[in-house]
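# Tertiary structure, described
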Amino acid sequence: GARSESAEVVPTAPANSVAAAEPERVVAPAPDKVCTTFRTTVEVPLGSKVAVCGSSPELGSWDPLAAVPMTWTGVVSPENHNDEGRPRDVFTCCVELAPHSTHEFKLVIFPCD
């Protein structure tokens, strides 16, 4: 069966933070959304599509047809091939999510047409 994952989104310092002259420091407010990168390595048939589907509207609200498509970014290094020596594909995507929010998600594999 499919296995759901859970992750907490923790933002890094916003790029638009600024520091004023000593001793006062001015920091821009935290962003409403942060880019959250999903990355997976999986062995799939050529032409298959991989997507992230999850509990929030940004992740498709558990509807596989509304899932966020992932982009194939290459294959893992030879030492990370599967037990039979075949390479696994690397897929990534970036989803804008609220900072410090928790989301459940799973990966969906769509076979080639």
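So, here is what we can say about the structure in this document. (Residues numbered from 1 in each chain as written. Predicted model: local features only at pLDDT ≥ 70, side-chain atom pairs only at ≥ 80, totals over all residues. Heavy atoms only, no water.)

## Quick look at the state of the cysteines
A covalent bond between the sulfur atoms of two cysteines is what we call a disulfide. Operational definition: The definition used for a disulfide is geometric: two cysteine sulfur atoms within 2.5 Å. Under the scheme used here, helices are H or I runs from DSSP no shorter than 4 residues and strands are E runs no shorter than 2 residues, and both carry numbers assigned from the N terminus. Burial status follows relative accessibility: with a 1.4 Å probe on protein chains alone, a residue under 20% of its type maximum counts as buried, one over 50% as exposed, and anything between as partly exposed.
Counted by the stated rule, this structure contains one disulfide. In this model, Cys 35 is linked to Cys 94 through a disulfide, with the two sulfur atoms separated by 1.5 Å. Here Cys 35 is found in strand β2 (residues 34-42), whereas its partner Cys 94 is found in strand β6 (residues 89-97), with 59 residues between them in sequence. Looking at Cys 35, the relative accessible area reads 45%, which means it is partly exposed. Under the relative-accessibility criterion, Cys 94 is labelled partly exposed at 41%.

## Thoughts on the side chain of His 103
We count it as follows: Each polar contact in these results corresponds to two N or O atoms within 3.5 Å; when the atoms are within protein, one needs to be able to donate a hydrogen and the other to accept it, and residues that are neighboring in sequence are counted only if both atoms are side-chain atoms.
Looking at the element boundaries, His 103 is found in strand β7 (residues 102-110). A distance of 3.2 Å separates a polar atom in the side chain of His 103 from a polar atom in the side chain of Ser 56. Here Ser 101 takes part through its side chain, which lies 2.7 Å from a polar atom of the side chain of His 103.

## As for the packing of aromatic side chains
Selection rule: Working definition: a ring pair exists when centres of Phe, Tyr or Trp rings (six-membered ring for Trp) sit within 6.5 Å. Plane angles under 30 degrees give stacked, over 60 give edge-to-face, the rest tilted.
Taken as a whole and judged by the stated rule, the model has one aromatic pair. Seen in terms of ring centroids, Phe 38 and Phe 105 are 5.0 Å apart; in terms of plane orientation they differ by 80°. Their pairing is edge-to-face. Placement of the pair is Phe 38 in strand β2 and Phe 105 in strand β7, with a sequence separation of 67 residues. A relative accessible area of 9% places Phe 38 in the buried class. By relative accessible area, Phe 105 is classed as buried at 13%.

## Observations regarding the side chain of Ser 56
The test is simple: Contacts were defined at the residue level, with two residues in contact if any of their heavy atoms lie within 4.5 Å.
Among the structural elements, Ser 56 can be located in the loop between β3 (49-54) and β4 (68-69). For Ser 56, a relative accessible area of 8% gives the class buried. With residues near it in sequence (within four places) discarded, Ser 56 still touches Ser 61, Leu 97 and His 103.

## As for the sheet that holds strand β5 (residues 71-75)
Strand pairing in a sheet relies on backbone hydrogen bonds, with the paired strands running either antiparallel or parallel. The following threshold applies: Two strands qualify as a pair provided DSSP detects at least 2 bridges between them. For helices, the axis comes from a line fit to the C-alpha atoms of the stretch in contact; other axes are also lines fit to C-alpha atoms, and the angle between any two N-to-C directions lies between 0 and 180 degrees.
Pairing is antiparallel across the open sheet formed by three strands, whose spatial order is β2-β6-β5. Taken across any chain shown, the strands that pair with only one partner, and hence form the sheet edges, are β2 and β5. With direction set aside, neighbouring strand axes in the sheet form an average angle of 30°. Bridge analysis of β5 against β6 gives four bridges, and the strand direction is antiparallel. Bridging from a neighbouring strand, Thr 71 pairs with Thr 92 of β6.

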